[in-house]
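# Survey of secondary and tertiary structure
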Amino acid sequence: MEWNVNNAFKTYKDMEPKSVMDMALIQNVDTIDIGLGSSEKGNSVVPTKRKKTMTSVYLKFFETAPDGKSRRCKFCGQCYSIATATGNLGRHLSNRHPGYDKSGDTIAISAPQPIPVIKKTQPQGKAQVDYDHLNWLLIKWLILASLPPSTLEEKWLANSFKFLNPSVQLWPGEKYKVVFHEVFMSMQEDVQAYLDHISSKISVILDIWTSYEQISYMSVTCQWIDENWSFQKVLLDICHIPYPCGSSEIYQSLTKVLKMYNLENRVLSCTHDNSQNAIHACHTLKEEIDGHKYGPFCYLPCAARALNLIIDDGLKTTKPVISKIREFALELNSSGEMSEYFIHLTSVYQEGSWKFPLETSARWSSNYQMLDIVHKASKSMDAVLRKHEETLGSRMLLTPTEKNVANIVHGYLEPFYKTTNNICTNKLLTVGLVLFFMDHISETIAACRESHHNPDWLKNAADEMGKKARNYSSQVCNIFSYMTAILDPRIKSELIPESLGSGNYLEEARTYFMRNYSASHFSSITSTYNTQEIEDGGSVSFAEEIARKKRRASLSCATDELTQYLSEPPAPIPTDVLEWWKVNSTRYPRLSLMARDFLAVQPTSVAPEELFCSRGDEIDKQRFFLPHDSTQAILCIRSWTQGGIKLKYKSTEIDYERLMELAAAAGAENSVAVSEKKPK
């Protein structure tokens, strides 16, 4: 992963506020008295009391180096060839040492000092950079690339820096680990403070994986909708699940995180990864929440994982064919001549337009593209293989039967491909929208089974797909899924699956709404009235009777909010759900509170594009290869910084914008120095 001034830094630069705190460097790190632009060795010491007077405008600020072949700046130690034009020396002084001409003709030379603090108010690009700044930039690189600190212990990397500047010294590996831990702790405190101000219910999602060390981890992420109707999401923690990694260990790890952030009484739902251990852990959590009477709680399976398994059953028959096509696609990607010939043929045969490199991962989107090649560009594929038969052989040529199978499966799975595309590109994927899509998937599977034109092998595959679809539906068929679905203005009660609409869920939803989002607003008034009524011996004044009627009317209006909302036709599918509620919250003041809570319930435990597309391969690699001592800190810090939380060390914000400016200035100075040292 490349990281430089032009790409990764700008991602974070956009998040920086206009006014940034001073950045204090690590106090217990020994620094050396040199800048990144210096060519002197780190242990060189310049005399501290020597004075020297020169007559030239610029030369008086330089002294002759011991080698007699270069001049050294008295301010920073930067060296230039003895033949360097005085104009270049003047530019160095103007850029690096503004105000140098106001210091008088006599200059006191002292050893350059390390910079303990970098202030935002300093002139841009004028400060000397010490090697600690480089180490902080390397920390940012490790975070962006999800690399462990041990990466910097590679000798070739350290030698590369030494080649660029012999004075560079990287921190020991253990020091990087200590710094990462301190940064993690500082940022975690900010996350805790941030979550304390949430007024609505929150929902959590779980994702579990195993590293190369066979250690199991679980990411716990929470999401909610804020007062401005913006969807918010933050990673809470990356938990190590102790052996034997069963439901008990998952439950204990999850509750530990919720208690650490004081969320156990504010969590409304948990979306798990469909594993049996996660399901049992969520069930145990529900029993605990119900026992403490914190409020309602539900847990849901991951729709994306369920859909991925369903599709996998549909691909089983064609996997050998897909493997052949993938090998062909890899050959096209590796040969410019071959890919150009393929593009030329597809143009001649009018077999569509193709962009290279082709996606060749083993994930669903890539598998469908393999089938797409056969379906749309079969002639071009055959022609390329025949032309290069001497080098490629005939192993990738498809028989007519294989082509027929690929085309049948391509046509059958096309609605699945369109569904996953919609799921991956939707701005806010709600439970209601996912249930709408999954219902369509079930109908497609049923139509395949009932068709008299489909071959038996495809019907058998559809039978297996149907079992998994029904299993998912049985897990989400409950009152919470129903309430979440109808609160999506695009779905309401008209577009929910029949399995949800056939029950008595509407009346249960109405009761839940009245109990939790309407009656509670009047509990204090009712309590006061009852006390007064007892004190008056049960007598009620005429004015109090009127007030009572108005309160009942208000409660009736609350009920009418839900009735009125459902009586209106659903909004178009492209509608922005949160924007719709933001505009209509004044019409439904109580129902909108419920919508804020329930629309935050996520139907997937992982971003769909990470499961269906090749992007997931990179994420899996990063997770798999991180060692145990770095996994939590690296992944959490990366997620938090990407979410806009400032990177801090011991509660002090790291001013990366200033560090990058200093690094760029030092690089420019080095370039000038190197170019001027070249013989003419």
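Please refer to the structure higher up on the page.
Notes on the structure follow. Numbers given for residues are sequential positions, taken from 1 along each chain in its written order. For a predicted model such as this one, the threshold for reporting local features is a pLDDT of at least 70, and the threshold for listing and counting side-chain atom pairs is 80 or more; totals across whole chains, interfaces and linings nevertheless cover every residue. Water and hydrogen atoms play no part in the side-chain values, which are based on all heavy atoms of the structure.

Looking now at the overall build of the protein chain. When its secondary structure is counted, the protein chain shows 26 helices and 14 strands. Among the 680 residues that make up the protein chain, the fraction classed as buried is 50%. Here, residues are in contact when the closest pair of their heavy atoms is within 4.5 Å. Counted over contacts in the protein chain with a minimum sequence separation of 6, partners at least 24 positions apart contribute 74%. When the accessible area of the protein chain is evaluated, it comes to approximately 32,700 Å², of which 53% is carbon and sulfur surface. Numbering of helices and strands starts at the N terminus; helices are DSSP runs of H or I of at least 4 residues and strands are runs of E of at least 2. Here the term buried applies to any residue with accessible area under 20% of the maximum for its type, exposed to any over 50%, and partly exposed to those in between, with areas from a 1.4 Å probe on protein chains only. Accessible areas in this description were obtained via Shrake-Rupley with a 1.4 Å probe; residue shielding takes into account the shown protein chains only.

Turning our eyes to something else, we now look at the nonpolar core. Residues belong to a common nonpolar core when they are buried Ala, Val, Leu, Ile, Met, Phe, Trp, Tyr or Cys residues joined through side-chain atoms within 4.5 Å. Judged by nonpolar contacts, the single largest core of 97 residues is most densely connected at Phe416 and Trp581. In terms of residue count, the dominant contributor to this core is helix α11 (residues 364-387) (11 residues). Throughout the structure description, domain borders are defined by an automatic or database domain assignment. Shared between two domains, this core takes at least three residues from each, and those domains are domain 2 (179-302 + 606-651) and domain 3 (308-481). If you look at the next biggest cluster of nonpolar residues, it comprises 67 residues, including Ile198, Tyr217, Val257 and Leu626.

With their axes 8 Å apart at the nearest point, helix α6 (residues 247-260) and helix α7 (residues 276-292) run at an angle of 50 degrees to one another. As summarised for this structure, α6 and α7 are arranged oblique, according to the angle between their axes. As for the relative orientation of α6 and α7, their crossing is right-handed in sense. Taken together, the residues of α7 that come into contact with α6 (itself represented by Ser247, Ile250, Tyr251, Leu254, Thr255, Leu258 and Lys259) are Asn277, Ala278, His280, Ala281, Thr284, Leu285 and Glu288. A per-class count over the contact of α6 with α7 returns seven nonpolar, five polar and two charged. Only the stretch in contact is used when a helix axis is fitted, and all axes are lines through C-alpha atoms; the angle between N-to-C directions ranges over 0 to 180 degrees. Oblique is the label for every angle not falling under 35 degrees (roughly parallel), over 145 degrees (roughly antiparallel), or within 65 to 115 degrees (roughly perpendicular). Each crossing gets its handedness from the near helix: less than a right angle anticlockwise from the far helix is left-handed, clockwise is right-handed. Only Asp, Glu, Lys and Arg are considered charged, only Ala, Val, Leu, Ile, Met, Phe, Trp, Tyr, Cys and Pro nonpolar, and every remaining residue, Gly among them, polar.

Together, Tyr212, Phe624 and Phe625 make up a nonpolar patch on the protein surface, roughly 310 Å² of accessible area in all. Summarising the element assignment, phenylalanine 625 is placed in helix α24 (residues 615-625). Each patch is built from salt-bridge-free residues with over 30% relative accessible area, joining like charges within 9 Å and nonpolar side chains (Val, Leu, Ile, Met, Phe, Trp, Tyr) within 5 Å. Salt-bridge detection follows one rule: a side-chain nitrogen of Lys or Arg within 4 Å of a carboxyl oxygen of Asp or Glu.

Spatial ordering of the open sheet is given by β3-β4-β5, a layout of three strands whose pairing is antiparallel. The outermost strands of the open sheet, each flanked by one partner alone, are β3 (62-64) and β5 (79-81). In this sheet, adjacent strand axes meet at a mean angle of 35 degrees when their direction is disregarded. Judged from the three bridges that link them, strand β4 (residues 70-73) and β5 form a sheet pairing that is antiparallel. Pairing of arginine 72 across the sheet is with cysteine 79, part of β5. For two strands to pair, DSSP has to find at least two bridges joining them.

If you trace the five strands from one edge of the open sheet to the other, you get β10-β9-β8-β11-β12, paired in mixed fashion. One side of each edge strand has no neighbouring strand; the edge strands of this open sheet are β10 (231-241) and β12 (298-300). Averaged over all adjacent pairs, the angle separating strand axes in this sheet is 20 degrees, with direction ignored.

A word on the pairing of strand β8 (residues 202-210). Counted residue by residue, β8 has seven buried out of nine residues, so it is predominantly covered. For β8 and strand β9 (residues 216-225), the ladder comprises eight bridges, and the chain directions are antiparallel. For threonine 210, the partnering residue across the bridge sits in β9 and is serine 216. The loop that links β8 with its antiparallel partner β9 comprises five residues; one of these, glutamine 214, has a positive phi angle of about 60 degrees.

Let us now look at the side chain of serine 216. As for its position among the elements, serine 216 is in strand β9. Given the relative accessible area of 11%, serine 216 is considered buried. Residue contacts for serine 216: discarding those within four places in its chain leaves Trp209, Thr210, Cys239, His240, Ile241 and Cys245.

Only the six-membered ring of Trp is used, alongside the rings of Phe and Tyr, when aromatic pairs are assigned; centres must lie within 6.5 Å, and planes under 30 degrees apart are stacked while those over 60 apart are edge-to-face, with the rest tilted. Using the criterion set out here, one finds 28 aromatic pairs in the structure. Plain terms: the ring middles of tryptophan 136 and tyrosine 649 are 5.6 Å apart, the flat faces sit at 75 degrees to each other, and that makes the pair edge-to-face. Pair noted here: tryptophan 136 is in helix α3 (residues 131-145) and tyrosine 649 is in strand β13 (residues 648-649), with a separation of 513 residues, a long-range link. Just as tryptophan 136 is buried, tyrosine 649 falls in that class too. Their ring planes at 55 degrees and their centres at 5.6 Å tell us that phenylalanine 436 and phenylalanine 437 sit as a pair that is tilted. Looking at phenylalanine 436, the relative accessible area reads 28%, which means it is partly exposed. An aromatic cluster is defined as three or more aromatic residues linked by ring pairs; in this entry it consists of Trp229, Tyr565, Trp580, Trp581 and Tyr588. A cation over an aromatic ring shows up here: lysine 140 above the ring of tyrosine 656, its NZ or CZ 4.1 Å from the ring centre. By definition, being over a ring means that NZ of Lys or CZ of Arg is both within 6 Å of the ring centre and within 35 degrees of the ring normal.

With that settled, consider the state of the cysteines. Throughout, disulfides are identified as pairs of cysteine sulfur atoms within 2.5 Å of each other. All told, the structure shown has zero disulfides when counted by the stated rule. With no disulfide of its own, cysteine 270 lies 3.6 Å from the sulfur of cysteine 282, the closest cysteine sulfur. When its relative accessible area of 0% is taken as the criterion, cysteine 270 is described as buried. When its relative accessible area of 0% is taken as the criterion, cysteine 282 is described as buried.

Moving on, we get to the pairing of β9. Across the 10 residues of β9, 10 count as buried, placing the element largely inside the fold. Both faces of β9 are covered, namely the face carrying Ser216, Met218, Val220, Cys222 and Trp224 and the face carrying Tyr217, Ser219, Thr221, Gln223 and Ile225. Two successive antiparallel strands, β9 and β10, enclose a turn made up of five residues, where tryptophan 229 displays a positive phi of approximately 60 degrees.

Attention shifts here to the side chain of arginine 596. Within the secondary structure, arginine 596 sits in helix α22 (residues 589-598). In summary, the charge assignment counts Lys and Arg as positive and Asp and Glu as negative, without counting His or the chain termini. Glutamate 227 provides the closest opposite charge to the buried, salt-bridge-free arginine 596, at an N-O distance of 4.3 Å. Apart from the residues lying within four places of it in its own chain, the contact partners of arginine 596 are Ser199, Ser200, Ile225, Asp226, Glu227 and Trp229.

All right, on to the pattern of salt bridges then. Evaluation of the coordinates by the stated rule reveals 26 salt bridges. Residue aspartate 629 is joined to lysine 177 by a salt bridge in which the shortest nitrogen-to-oxygen separation is 2.9 Å. Of this pair, aspartate 629 sits in helix α25 (residues 628-642) while lysine 177 sits in helix α5 (residues 173-195); the two residues are 452 residues apart in sequence, bridging distant segments of the chain. Using a relative accessible area of 47% as the deciding quantity, one classes aspartate 629 as partly exposed. Given a relative accessible area of 26%, lysine 177 falls into the partly exposed group. A salt bridge links aspartate 617 to arginine 363, with the nearest nitrogen and oxygen atoms 2.7 Å apart. Placement of aspartate 617 in helix α24 and of arginine 363 in the loop between α10 (336-348) and α11 is noted, with a sequence separation of 254 residues between them. The exposure class assigned to aspartate 617 is partly exposed, which follows from its relative accessible area of 25%.

Geometric descriptors of this kind do not, in isolation, establish any biological role.
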